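Spelled out, the chains give:
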Amino acid sequence: MYRNISGELTIQQFERYLSALDEQYIVDRTFGPNALSYTIRGRFDRYALTLQRLGAKYRLQLYDWRLAPADPAIVEMMDACIAASGLSGEKHTFRKGILVVTIYKEGKAYTSTAADDPRFELSLRKETLLGCIDLALTRYAEAKARKDERSMSDYEERSKRWMTELAMLQRRMNLRL
């Protein structure tokens, strides 16, 4: 999840990062008098963002841009754009169950892990788990329709594991109230 990513860049800079995406991605552009909107249709989902016109430059402003599930090519493209264009903001990711926060200040990245999750990070983790459970149950239903017993078992196990983790997380959140 990208939060509060902002900064100025040119269309040429942004288009250069988009061109690094392979042919599996389709980019739709909508030109307006004061903005340029992009919709990137990726492997897993659609990702939309808007550049606001500021004279010859544009301003990118992403408040809460969720990539669920995270598409590595989109993440790589966005990280490169942030670093090279000198943008600022935050990126929140989970690696092996640990929340990793990357703070960008004018393109420079500072990474930290949270040992004791504050309220926002617990809420973010809860939202992520709910998304994982929803995806696992959707894939379970698809496997059931195909009569794929192995996949059904795998998705059932995943969803149970995530539901257990969600229950423990909810208890932690309740203790913090």
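Up top is the structure.
Values in this document were obtained by computation on a predicted structure and should not be read as measured data.

Here we look at the overall build of the protein chain
A count of helices and strands for the protein chain gives four helices and eight strands. Ordered by position from the N terminus, the helices and strands of the protein chain form the series β-α-β-β-β-β-α-β-β-β-α-α. Each of the three principal axes of the protein chain carries a C-alpha extent, and together these read 55 × 45 × 25 Å. Here the protein chain holds 177 residues, and 35% of them are scored as buried. Sequence-distant contacts in the protein chain: of pairs separated by 6 or more residues, those separated by 24 or more amount to 51%. When the accessible surface of the protein chain is split by element, carbon and sulfur atoms take 52% of a total near 10800 Å². Distance from the positive charge centre (29 side chains) to the negative charge centre (24 side chains) of the protein chain: 2 Å.

A look at helix 2 (residues 72–85)
Taking 1.5 Å as the rise per residue, helix 2 with 14 residues should run 20 Å; its terminal C-alpha atoms sit 20 Å apart, in good agreement. Of the positions making up helix 2, those classed as buried are Ile74, Val75, Met77, Met78, Asp79, Cys81, Ile82 and Ser85. One or two positions beyond helix 2, positive phi appears at Gly86, with a value near 70°.

Focus on unusual backbone geometry
The backbone phi angle of Glu106 is positive, close to 50°, even though this residue is not glycine. In this fold, Glu106 is placed in the loop between strand 7 (98–105) and strand 8 (108–113). Phi at Lys147 takes a positive value of approximately 60°, unusual for a residue other than glycine. Its place among the elements puts Lys147 in the loop between helix 3 (119–146) and helix 4 (149–176).

Some thoughts on the packing of aromatic side chains
One pass over the full model with this rule turns up three aromatic pairs. Between the aromatic rings of Tyr2 and Trp65, the centroid separation amounts to 6.0 Å while the plane-to-plane angle is 45°, which identifies the pairing as tilted. Separated by 63 residues along the polypeptide, Tyr2 in strand 1 (residues 2–9) and Trp65 in strand 5 (residues 57–65) bring together distant segments of the chain. Since its relative accessible area comes to 7%, Trp65 is described here as buried. By the ring-pair criterion, three or more aromatic residues cluster together here, those being Tyr2, Tyr47 and Trp65. The ring of Tyr17 carries the charged tip of Arg16 above its face, separated from the ring centre by 5.6 Å. The ring of Trp162 has Arg161 sitting right over it, with the charged end atom 5.8 Å from the ring centre.

Looking at the environment of Asn174
On the secondary structure map, Asn174 appears in helix 4. For the pair Asn174 and Phe31, spaced 143 residues apart in sequence, the C-alpha to C-alpha distance is 47 Å.

Thoughts on the pattern of salt bridges
All told, the structure shown has eight salt bridges when counted by the stated rule. A salt bridge links Arg29 to Glu15; the nearest nitrogen and oxygen atoms lie 2.8 Å apart. Of this pair, Arg29 sits in strand 2 (residues 26–31) while Glu15 sits in helix 1 (residues 11–19), and the two are 14 residues apart along the sequence. One salt bridge connects Lys160 with Glu156, and the closest N-O pair in it is separated by 3.5 Å. Here the residue Lys160 and the residue Glu156 both occupy positions in helix 4, the gap between them amounting to four residues, near one helical turn. Looking at Glu156, the relative accessible area reads 36%, which means it is partly exposed.

Cut-offs and rules
- Residues numbered from 1 in each chain as written.
- Predicted model: local features only at pLDDT ≥ 70, side-chain atom pairs only at ≥ 80, totals over all residues.
- Heavy atoms only, no water.
- Helix = DSSP H or I, 4+ residues; strand = E, 2+ residues; numbered from the N terminus.
- Buried < 20%, exposed > 50% of the residue type's maximum accessible area, 1.4 Å probe, protein only.
- Contact = heavy atoms within 4.5 Å.
- Areas by Shrake-Rupley, 256 points an atom, 1.4 Å probe, with all protein chains shown as cover.
- Lys, Arg positive; Asp, Glu negative; His and termini not counted.
- Charge placed at Lys NZ, Arg CZ, Asp CG, Glu CD.
- Expected span 1.5 Å × (residues − 1).
- Phe/Tyr/Trp six-rings, centres within 6.5 Å; stacked < 30°, edge-to-face > 60°.
- Lys NZ or Arg CZ within 6 Å of the ring centre and 35° of its normal.
- Salt bridge = Lys/Arg side-chain N within 4 Å of Asp/Glu carboxyl O.

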